[in-house]
Amino acid sequence: MYRIGIGYDIHKLTTGRDLIIGGVKITHEKGLLGHSDADVLIHAIIDALLGALALADIGTLFPDTDPKYKNIDSTLLLKHVYELVKDKGYIIENIDSNIIAQQPKMMPYIPKMKEVLCEILSLDLTQVSIKAKTKEKLDAVGQELGIEANSVVLLKKLN
Ligand SMILES: [Zn+2]
């Protein structure tokens with residue numbers, strides 16, 4: 001049996017924060033604002049995984065009112081959710097995702113992001129897609145006020 005899930009996230013860009021996307025630190029004068037490290041791509045992937053299992057969303061599972069998650073490395077949250085996937089008897093077939101940012105250029109960082117995701121989720125590079133888009137300077141993301149990410153995952157039940 002297969003199950004599919006979709007995830008979306010957006011965070012505001014602000015000064016005085018590191019920009020962490022896909023578990024990789026990106027050189028930029030601004031970072032994403034959030035209770036955790038605000039890793040927009042990993043949050044979208046987490047919601048896609050939870051959605052595929054029809055479980056709660058990331059905000060329910062890791063509430064931003066809980067000091068335990070303050071500035072937490074989102075790769076730790078992803079590891080936790082991957083354990084849930086395995087506990088339910090599923091493996092990940094593939095992940096497709098978009099990062100939508102006007103600035104900075106994501107392309108140079110994507111190979112490293114894929115490595116990080118493959119390592120955490122026991123996948124090989126042919127199973128993980130990360131695409132970089134701009135907003136053509138349209139809307140809030142186009143005006144560099146924030147960064148968005150989308151993700152779709154397919155899970156396969158083992159036996
Ligand atoms: Zn988020």
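Structural notes, computed from the coordinates. For clarity, every value in this text was computed on a predicted model and none was experimentally measured.

The subject of this paragraph is the sheet that holds strand β5 (residues 90–100). Backbone-to-backbone hydrogen bonds pair the strands of a sheet. The strands run either parallel or antiparallel. As summarised here, the arrangement of the five strands in space is β4-β1-β7-β5-β6, forming an open sheet in which the pairing is mixed. The open sheet has two free edges, formed respectively by β4 (31–32) and β6 (128–133), since each of these has just one partner strand. Along the sheet, helix α1 (residues 40–52) contacts β1 (2–14), β4, β5 and β7 (146–157); its crossing angle with β1, the most-contacted strand, is approximately 150°.

A word on the pairing of β5. Both β5 and β7 contribute to a ladder of ten bridges, which runs antiparallel. Its bridge partner lying in β7, I95 is registered against V153. Relative to β6, β5 runs parallel, the two being bridged by six bridges. Each residue of the ladder has a partner; that of N98, found in β6, is K131. Handedness of the crossover is the feature at issue here: the chain leaves β5, passes through helix α4 (residues 110–121), returns alongside β6, and the resulting connection is right-handed.

Of all hydrophobic cores here, the largest spans 43 residues; its most connected members are I21, L41, I45, I46, L49 and I99. For this core, the elements supplying multiple residues, two or more each, are β2 (19–21), β3 (24–26), α1, α3 (74–87), β5, α4, β6 and β7. Element by element, the count of residues in this core is highest for α1, at ten residues. Ignoring any residue separated from it by four or fewer positions in sequence, one finds I46 in contact with G7, I58, L77, L78 and V81.

Right, let's get into the packing of α1 against α3. Axis separation between α1 and α3 bottoms out at 10 Å; the angle between their running directions is 15°. With respect to each other, α1 and α3 are oriented roughly parallel. The interaxial crossing formed by α1 with α3 has left-handed handedness. When α1 is examined against α3, the residues I42, H43, I45, I46, L49 and L50 are found in contact with a partner set consisting of S74, T75, L77, L78, V81 and V85. Classifying every residue of the contact of α1 with α3 by side-chain character gives nine nonpolar, three polar and no charged.

Conventions and cut-offs
Residues numbered from 1 in each chain as written. Predicted model: local features only at pLDDT ≥ 70, side-chain atom pairs only at ≥ 80, totals over all residues. Pairing = 2+ DSSP bridges. Helix = DSSP H or I, 4+ residues; strand = E, 2+ residues; numbered from the N terminus. Contact = placed C-beta atoms within 7 Å. Axes fitted to C-alpha atoms, helices over the stretch in contact; angles between N-to-C directions. Right-handed = clockwise from strand over helix to strand, strands pointing away. Core = buried A, V, L, I, M, F, W, Y, C linked by C-beta atoms within 7 Å. Buried ≥ 20, exposed ≤ 12 C-beta atoms within 10 Å, placed from the backbone. Parallel < 35°, antiparallel > 145°, perpendicular 65-115°, else oblique. Left-handed = near helix turned anticlockwise from the far one by under 90°. Nonpolar A, V, L, I, M, F, W, Y, C, P; charged D, E, K, R; others polar.

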